[in-house]
Each structure stands twice: as structure tokens, then as C-alpha cells.
Amino acid sequence: MSLLRRVAAVGILLACTSVIRAEPSAWMSPAAPGATYPAGEADRQFTTLTFDLAHRDRFAKFATETLRPDSLILDTDRDPLDVVLRRTQALSANLAQSAGASARAAATKIADLANQLSALKAQADKTALTDLPARRALFDQTLHLRRKIAFANPLLDFKELVFLKRHMAVYNHMCDQYYGIAQRPGGGLFVLSDPFGDKPALRDVLESSTVANGRLKGEKLSGGPRRTWDVTYDGMGNVRGDETTGGSFLSPDLSFDGKSLAFAYVEITGQRSHVAHTDPSRGHWPETRSYHVFKAGLDGSNLTMLTDGTWNDFDPCFLPSGRLAFISERRGGYLRCGRVCPTYTLFDMATDGADIRCLSYHETNEWHPSVTNDGMIAWTRWDYVDRHGCTAHLPWLTSPDGRDPRSIHGNFAIRGKRPDMELDIRAIPGSAKFVATAAPHHAQEMGSLIIFDPRVNDDDAMGPVRRVTPDVGFPESQGGAQAYGSAWPLSEDYFLCAYEPVEAIKPAPGRKGMAESPAYGLYLVDSFGNKELIYRDPDIACHNPIPVKARLTPPVIPDRSEPLAADKSGEATVSVMNVYNSQTPWPTGTKITGLRVYQVLPLSIASAAIKHGTGIQIPQGHDSVNIAREVLGTVPVEADGSAYFTVPARKELFFQAIYDKGLAVTSMRSATQFQPGERASCQGCHEDRHQTPAASLTAPLAMRREPSKLTGDVDGTKPFSYPRLVQPVLNRYCVDCHAKPENKAPRLDSGIVSSSIAIKGSYMNPVTKYFASYMSLTPKFGFYNYGGKTAADPKWYRTTPGEFGARASKLYALLEKGHYDVKLPPEDLRRITLWLDSCSPFYGVYEPEGGEAQLRGEVARPTLE
């Protein structure tokens with residue numbers, strides 16, 4: 001950029017930013033799409049483009065990852081007029097092509113508008129770059145014309161748009177923003193009629209509605225008056241400050257016939273604190289501070305309360321079968337990183353709120369179910385077993401009855417190269433691709449828009465992903481802003497979404513809290529870089545735009561999950577064709593003889609409330625609490641690499657491949673679960689999902705017999721207990737020698753010490769009690785770090801076969817070779833290797849009383865299994 005262009009750009013940016021800040025009321029819309037352009041919007045767009053031109057280096061960095069080059073800032077772009085003309089021409093050409101194939105009237109209209117655009121382009125070519133007033137006038141004219149072109153899109157074939165108004169939550173974290181207790185009063189459900197025409201009108205869907213049933217029968221669901229408030233949420237389950245009256249709405253969904261709405265609502269009244277229960281059936285929050293799911297007709301009729309209680313229930317999603325999927329805290333459990341954060345996972349229920357079923361027994365949080373074009377459920381799962389906790393909030397698929405949960409892509413994404421989260425996943429009509437919001441970990445659900453294609457090989461980076469909005473980097477992982485969100489795809493190039501140009505007018509909100517709630521507007525966004533305002537309310541954010549129209553109902557996938565009998569939990573049957581079929585090479589000569597099956601145990605009490613003697617342990621990757629686990633047992637792997645076995649249903653599981661010495665060669669670092677009666681199969685051990693299975697004339701060896709049953713392991717592994725698994729070995733072979741003063745050896749006895757004794761790099765909780773031996777062994781000799789010095793190293797996320805657990809630890813090498821005159825028998829060496837292969841935990845429970853029992857050497861069971 002020349003000095004003249006750079007100085008002009010900075011001057012225009014400062015001037016227009018001042019205008020926008022001084023006149024926020026000028027952003028009010030709706031406005032007629034003809035001669036009248038939304039008040040203040042031209043200044044807003046000019047400012048944003050000027051900002052982008054001054055930061056064009058960002059676009060160059062994202063160029064190869066961007067869906068359409070037109071959405072970039074190109075070397076030929078000198079000022080906002082150049083950009084808007086070029087992008088409008090791309091839009092016009094695309095619409096001319098699509099309209100010509102579908103509607104003659106639309107094609108004629110677009111051709112006429114394209115001619116007007118060509119005339120403006122010719123005039124712009126004759127106007128000097130230094131003539132700022134003339135070029136700004138042409139910019140405004142182009143915007144007026146672009147609006148007509150954009151709204152002539154044949155895909156805008158609906159007459160109403162339903163959406164939600166809400167203030168953003170008062171705490172910035174991807175979990176806390178969905179707790180009712182963290183919400184600000186205000187908002188509601190609205191329908192905008194004639195959204196692209198000359199006479200748009202707004203209607204409050206529930207203005208005259210009262211609840212027909214349940215605890216709130218006869219009451220209205222009101223967002224309350226719009227005025228200022230002073231309220232904070234401390235992340236520990238407490239709200240402080242003065243609130244206005246009224247509730248808050250969340251996550252609407254429209255039925256496939258376009259006639260019914262489902263949504264979540266919280267009253268925001270009553271007790272302001274978390275209700276601590278170790279019994280998950282008693283819930284977590286006051287019922288008046290929890291989100292509940294409701295359903296109503298689009299005209300506000302038949303307003304029905306579908307769920308109630310002391311849990312947050314939200315994100316309802318109409319399923320092709322007529323049932324509703326939703327997200328709920330009903331499974332129980334808490335977040336692992338030091339606050340009061342109950343976990344919520346995928347459920348479903350009948351259309352009247354009956355027959356609530358848990359579809360996902362996952363141990364951490366999940367979000368935003370939606371239905372794919374082939375009838376599956378897509379949703380976001382936070383999946384991290386023994387790895388970095390800020391990255392793995394990515395798309396998953398499951399059948400509507402909870403069978404076969406699998407990541408769609410990116411489950412081991414390298415931080416910085418990908419978004420921390422991909423939220424609001426939606427299948428694009430007529431396409432195999434999905435749109436999603438690239439969102440942050442320590443903030444809220446807005447970010448940048450992306451498209452991903454599951455058919456493209458995943459490279460742990462951007463292989464399957466393309467940026468729709470390269471003007472905004474990924475929040476947190478790339479320093480981007482919370483600008484876009486809740487996209488509704490019309491095609492691979494056109495989207496309705498919420499948008500606020502945060503980078504141009506204020507810094508992105510910080511982690512500690514959102515001082516204000518940005519007034520996101522509803523926009524029509526395209527992949528060429530154009531944005532057309534549909535509606536904005538200057539007092540409150542608008543989210544979740546949904547066209548009011550009937551949609552093609554995806555196929556109904558039969559429910560094949562078996563109901564649970566009263567006397568058993570149910571089983572699933574699992575087959576693995578060939579464990580050696582893996583994306584990551586095995587060590588030379590590796591012979592896998594078995595699979596070890598672990599159960600992940602959810603954190604059963606709020607981690608902020610954990611006191612001494614409980615299951616706080618060394619975190620993997622210097623992250624949050626190392627999960628409690630137990631070894632359910634092992635199953636054999638045949639000579640051809642096949643396995644066939646049964647596992648308990650409705651439990652969170654992961655697997656390790658072990659070889660003939662009983663040591664793990666690799667570990668999943670991910671988790672899965674199965675429904676009763678499910679029959680699941682894998683081609684290999686983290687195999688290439690796009691690889692066609694090799695043809696074979698014979699069945700794998702394991703499939704020629706009955707499925708194997710799990711063979712339980714040694715005492716101290718179920719539940720996991722260092723005092724029962726490891727300490728007996730130390731007592732037999734090590735304690736006496738290490739206790740002799742002349743040896744100056746570290747303590748290996750079972751004396752109880754506190755981790756308040758600082759051990760650099762250990763990340764032990766300073767209020768947790770351990771054995772002296774654990775404090776001596778774990779930081780230097782235990783295994784809890786898989787490798788990789790930074791989050792940019794793939795080893796930070798994936799297990800490298802042969803560089804894991806006991807095989808990678810100093811302690812195993814020492815003991816196998818023989819330590820002085822100590823040579824452990826195979827059974828005792830196995831106990832040590834099991835501890836190392838399990839990431840060196842101490843406790844298998846989280847509750848204080850269970851921890852104290854384990855310290856005494858007793859068997860203690862965790863509350864949630």
C-alpha cells in the first residue's frame with residue numbers, strides 16, 4: 001500500500017469510527033431494501049472495509065484456507081469502493097448463473113441490476129483515488145445497488161424470519177454461557193415478516209401467550225423491560241448485583257413443517273447460588289435459575305412446558321421421528337477445571353416432554369444438536385482424554401438413538417491452526433458440507449464462520465475446513481473477534497447469521513467477563529465477502545435467524561437401541577477388523593495381543609469444592625484435572641489383528657492396545673460409548689476413515705468365534721487406587737532400603753503428605769493428600785506427559801505408538817533392567833506398568849470420603865459410574 005493510500009485509509013477509519021460510536025441509534029432496522037438504505041449502515045460498512053484494508057496482511061495469511069478469494073482483501077484493492085464493487089460483481093455473477101437455471105423473472109431482474117453495476121464500475125474507474133468525497137458517494141450508491149442484487153436471490157423464497165433476542169451471558173466461557181444462572185434478563189422470540197421487501201414488520205411470538213401446563217401454568221414468558229443492570233457471575237455458581245425482572249431465551253428451533261417452535265427459557269428469579277448435591281438426581285441449580293425447554297406454535301398458540309427441574313435443559317432440536325433432541329445436565333457430573341460447572345450432554349424426549357432418554361454418557365460438555373441431511377444428529381462434543389483441554393470441542397455425529405458416536409473431523413486439531421471450538425453445526429441443503437461458528441474456549445458462542453467437508457482427509461489442521469469470513473480470525477486461538485454466529489445455511493455460498501464488526505469498533509471481550517452485551521444484528525452473508533443488514537435492535541443482540549418455511553424432512557433412522565432391563569445395564573458388541581490399520585505407524589516388530597478397556601469416571605462434585613484427600617491429580621499437558629478411571633478388563637487380539645468382544649453399554653470408554661509383555665503401545669486419548677444391544681465396528685486403530693476396507697474372502701479370525709468377555713485386571717484397577725495397586729509392590733521390595741539414612745534415597749513409604757510441598761512442574765493440587773512414595777515417584781518417574789513441548793506439536797494431542805505409558809517412562813526402564821538387587825516378578829512389574837499406562841493417577845474417586853477411604857487402603861466407589 002502506498003503512503004497516500006495508507007494515510008487516507010487511517011483517516012477515513014478514524015472519522016467513520018467516530019460517527020458510528022456517536023450515533024448507535026442510527027443502526028436501527030428494519031429498513032426498506034429499495035432506495036432507503038438502513039440508517040448508519042453505509043458508514044458502518046465503510047469503516048469496516050477501511051479497517052480491513054489497513055490490516056490486509058491478515059487476509060494474505062488466510063488466503064489458502066478461504067472458501068472464495070473474493071472475500072479477501074486483494075493487492076488490487078485500493079479503497080473500500082474497489083472492494084465493494086469487486087465483491088458485488090462476484091455476487092451478481094453467481095446469482096445470474098443460479099437464477100438463470102431456476103427462474104426467468106429473477107434472471108431478468110439480476111441482469112438489469114448487473115448492467116447498473118457495470119455503469120457504476122465504469123464511473124468508479126474514472127474517479128481519482130484522491131477524490132475521497134466522490135469515491136465515498138459511489139461507495140454508497142454501490143451499497144444501495146448491492147442490496148437490491150442480494151435480495152433478488154432466489155434462495156430468499158420465504159416471507160417470514162423467526163429469530164431470538166437475548167443479552168449475552170455475564171461470564172465468558174464456553175460452558176458458563178449456557179447456565180441459566182449466568183443470564184441477563186431481556187429478549188424474546190420474534191418473527192420478522194417481509195424481511196427482504198418494502199414493508200418489514202416485527203411480531204413478538206409470545207406476546208399474548210401463557211403457559212398451558214406445569215409449574216408455570218397460566219404465566220407469561222417475558223424477557224422483561226430493557227434497561228441497564230449491574231450483575232456479575234463469579235464462575236462459582238453465584239450471581240451478585242441488581243437485576244431487572246424478566247427471563248432470558250435461548251436456542252430456538254423450527255419444526256420441519258415450519259409451524260412449531262421449540263426453545264429454552266429461564267425465569268431468572270429466586271435463589272442466586274449453586275445447589276451442591278453429590279446425588280445427580282437432585283440437580284444443580286434452583287429451578288427458577290435453570291433453562292427449561294418449551295414448545296409453541298409459530299403464532300404463539302399451545303405454549304407448552306416440556307421440561308422442568310433443577311437442571312439446565314436447552315438446545316432443543318426437532319428430529320425426523322417427531323422426537324426432540326436437547327442438551328441437559330441430567331446425567332450429572334462437573335467440569336474438571338476448578339469451578340462450579342455442571343456438565344451437560346445429549347438427550348432426547350417425546351414431543352410432549354415424556355420418555356426422556358440420555359443419548360450421550362460423555363464425561364464433559366456437549367452443545368447444539370442439529371439434524372443432518374441423512375437423518376443423523378450432528379453436535380459439538382468436548383472430547384479430551386489426557387490431553388489439552390482448550391482444543392477438542394468439535395463436530396460429532398450419532399444416530400438419533402445415540403448409537404455409533406464418531407467425530408466428523410478434527411478431533412485432534414493442533415491449536416492455532418484450527419478453531420478451539422466449532423459450534424452451531426448445520427448441514428448445508430443439497431450438500432455434503434456443514435457450516436459452523438469457529439468459536440473460542442474462554443469466551444462466548446460468536447466467532448468466524450467456516451465450512452467443513454467430511455469427505456476431505458483430516459490433517460489435524462485446515463484440510464477439510466474453509467473460511468467463509470476471513471475478515472475475522474479464530475477467536476482466542478488466533479486472536480480473532482466474536483463477530484459472527486448462529487449461521488443458517490441457504491446454500492454453500494449464502495447464509496443468514498448474527499454479526500457485529502467487533503474488530504473495527506472495539507476490542508474483543510476479555511475472558512473475565514463481558515462489560516456490555518453487543519447488539520448483534522441479523523445479516524445475509526455470502527462467501528464473496530458481502531454483508532446485508534436485515535434487522536438490528538440497538539438495545540439487545542439478535543441471534544438464530546431461521547427462515548419460516550417447510551423443509552424437506554430427512555429420513556427417519558430406525559431406533560435400534562434395546563431398552564434396559566431392570567436388573568442389568570446392557571451390553572454392546574464391538575469388533576475391530578485389524579488393529580494394525582492405523583494412521584500412525586507402529587514400532588517395528590510390534591505384536592498386539594490385547595485391548596485394555598477403561599471407563600472414564602465423571603467428576604462427581606464441583607472441582608472448586610474438592611478438599612484434601614480427594615481425586616485431584618496431576619493434569620496431562622499442564623491442563624485440568626486428570627480424569628479418574630478404572631480398568632474394566634482386557635480382551636484378546638488375534639494374530640491377524642482382529643478383535644471381537646462385549647463391553648458395558650451406557651458408559652464412557654476408551655481403549656489401549658497392549659503387546660505381549662502387557663504394556664500399552666498406544667492409547668486413544670478420546671472416548672466413546674455404546675447403547676444396549678449396539679453392534680459397533682472399527683476398521684483399525686485410528687485408521688484413515690476415508691480408506692476403503694480391503695476385500696477379503698475369509699472372515700477375520702476373531703469373528704469366527706463368540707465375542708470375548710472382558711477379563712478383569714489386578715486389585716487396585718477397578719476402582720483405580722494407587723494404595724492398593726502400587727504401594728504393596730513398594731512395600732515388598734523398596735521401602736526398607738529407601739528408608740536407610742545412608743542411602744539418601746527418596747521416600748517410598750505410605751506416609752501421608754500434602755502436595756502443598758512444592759514440586760516444580762508437578763501441578764499437584766496443594767490441598768490434596770498423597771502417599772510419600774507418590775510424591776517421590778510421580779514428577780520424575782511417572783508418565784503423564786505424552787510429549788510435545790508446545791501446543792503446536794502434534795504429540796501434544798495424539799499418542800505416538802511406542803512412546804506412551806510404561807514404555808516411555810524412566811521407571812519401567814529402571815525396573816526392567818533391575819535396580820540394584822531388585823528384580824520384580826512379572827505380576828508385580830505388571831502392577832507398576834498398569835499405573836504408568838494409566839497416566840500415573842493416585843485416586844479413582846473424587847469425593848472427600850472416598851478419597852479418605854482410599855488413603856486407608858479401602859475400596860471406594862465413585863458416585864457416578
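The structure contained in this document is the topic of the report that follows.

What counts and what doesn't
- Each chain has its residues counted from 1, running along the sequence as written.
- Predicted model: local features are reported for residues with pLDDT of at least 70 only, side-chain atom pairs are reported and counted for 80 or more only, and whole-chain, interface and lining totals are derived from all residues.
- Calculated side-chain values reflect all of the structure's heavy atoms, with hydrogen atoms and water omitted.
- Helical segments are the DSSP runs of H or I of at least four residues, strand segments are the runs of E of at least two, and each set is numbered from the N terminus.
- Only protein chains enter the accessibility calculation, which uses a 1.4 Å probe; a residue whose area is less than 20% of its type maximum is buried, one above 50% is exposed, and one in between is partly exposed.
- By definition in these notes, contact holds between two residues if any of their heavy atoms fall within 4.5 Å.
- Working definition of accessibility: Shrake-Rupley area with a 1.4 Å probe, residue cover restricted to the visible protein chains.
- Here the nonpolar core consists of buried residues drawn from Ala, Val, Leu, Ile, Met, Phe, Trp, Tyr and Cys, with membership extended through side-chain atoms lying within 4.5 Å.
- Put simply, a salt bridge is a Lys or Arg side-chain nitrogen that is within 4 Å of an Asp or Glu carboxyl oxygen.
- Comment: axis = line fitted to C-alpha atoms, over the contacting stretch for helices; angle = value between 0 and 180 degrees taken between N-to-C directions.
- Geometric relationships in this document are graded by angle, where less than 35 degrees denotes roughly parallel, more than 145 denotes roughly antiparallel, 65 to 115 denotes roughly perpendicular, and other angles denote oblique.
- Note: crossing handedness is left-handed where the near helix turns anticlockwise from the far helix by less than a right angle, and right-handed where it turns clockwise.
- Only Asp, Glu, Lys and Arg are considered charged, only Ala, Val, Leu, Ile, Met, Phe, Trp, Tyr, Cys and Pro nonpolar, and every remaining residue, Gly among them, polar.
- Classification of ring pairs uses Phe, Tyr and Trp, with its six-membered ring standing for Trp, and accepts pairs whose centres are within 6.5 Å; under 30 degrees between planes counts as stacked, over 60 as edge-to-face, and the remaining range as tilted.
- A ring has a charge above it when a Lys NZ or an Arg CZ is no more than 6 Å from the ring centre and no more than 35 degrees off the ring normal.

1. Describing the overall build of the chain
In step 1: The helix and strand inventory of the chain stands at 14 helices and 35 strands.
In step 2: Looking at the chain residue by residue over its 865 residues, the buried ones come to 61%.
In step 3: By sequence separation, contacts in the chain at least 24 residues apart represent 67% of the contacts at least 6 residues apart.
In step 4: Approximately 31600 Å² of the chain is accessible, and the part contributed by carbon and sulfur atoms is 53%.

2. A look at the nonpolar core
In step 1: Tyr 233, Trp 367, Leu 595, Phe 645, Tyr 722 and Trp 835 are the most contacted members of the largest nonpolar core, which has 119 residues in total.
In step 2: Considering every element that reaches this core, the biggest residue donor is strand β28 (residues 592–601), with six residues.
In step 3: Excluding residues within four positions of it along the chain, Trp 835 makes contact with Phe 720, Tyr 722, Leu 725, Val 726, Tyr 774, Leu 777, Thr 778, Gly 782, Leu 811, Ser 840 and Pro 841.
In step 4: If you look at the next biggest cluster of nonpolar residues, it comprises 66 residues, including Leu 117, Leu 145, Val 191 and Leu 303.

3. What to know about the pattern of salt bridges
In step 1: Counted according to the given criterion, the structure contains 49 salt bridges.
In step 2: Between Arg 146 and Glu 532 there is a salt bridge whose closest N-O contact spans 2.7 Å. Here Glu 532 lies in strand β25 (residues 531–535) and Arg 146 lies in helix α6 (residues 132–150), a separation of 386 residues in the sequence. Of the two residues examined, Arg 146 and Glu 532, each falls in the buried class.
In step 3: Residues participating in the shared-partner salt-bridge network are Arg 323, Asp 348, Asp 355, Arg 357 and Asp 559.

4. Considerations on the packing of helix α5 (residues 104–125) against α6
In step 1: Two elements in contact, α5 and α6, have axes whose closest approach is 10 Å; the angle formed by their N-to-C orientations is 165 degrees. Comparing their axes, α6 and α5 come out roughly antiparallel. Handedness of the crossing formed by α5 with α6: left-handed. Between α5, through Leu 113, Gln 116, Leu 117, Leu 120, Gln 123 and Ala 124, and α6, the contact on the second element is made entirely by Arg 135, Leu 138, Gln 141, Thr 142, Leu 145, Lys 148 and Ile 149.
In step 2: Here the contact of α5 with α6 is built from residues that sort into seven nonpolar, four polar and two charged.

5. Here we look at the packing of aromatic side chains
In step 1: Scanning the model with the defined rule gives 39 aromatic pairs in all.
In step 2: Seen in terms of ring centroids, Trp 382 and Tyr 384 are 4.9 Å apart; in terms of plane orientation they differ by 20 degrees. Their pairing is stacked. The same class applies to Trp 382 and to Tyr 384, which are both buried.
In step 3: Against the face of Phe 190 rests Lys 165, its NZ or CZ located 4.5 Å from the ring centre.

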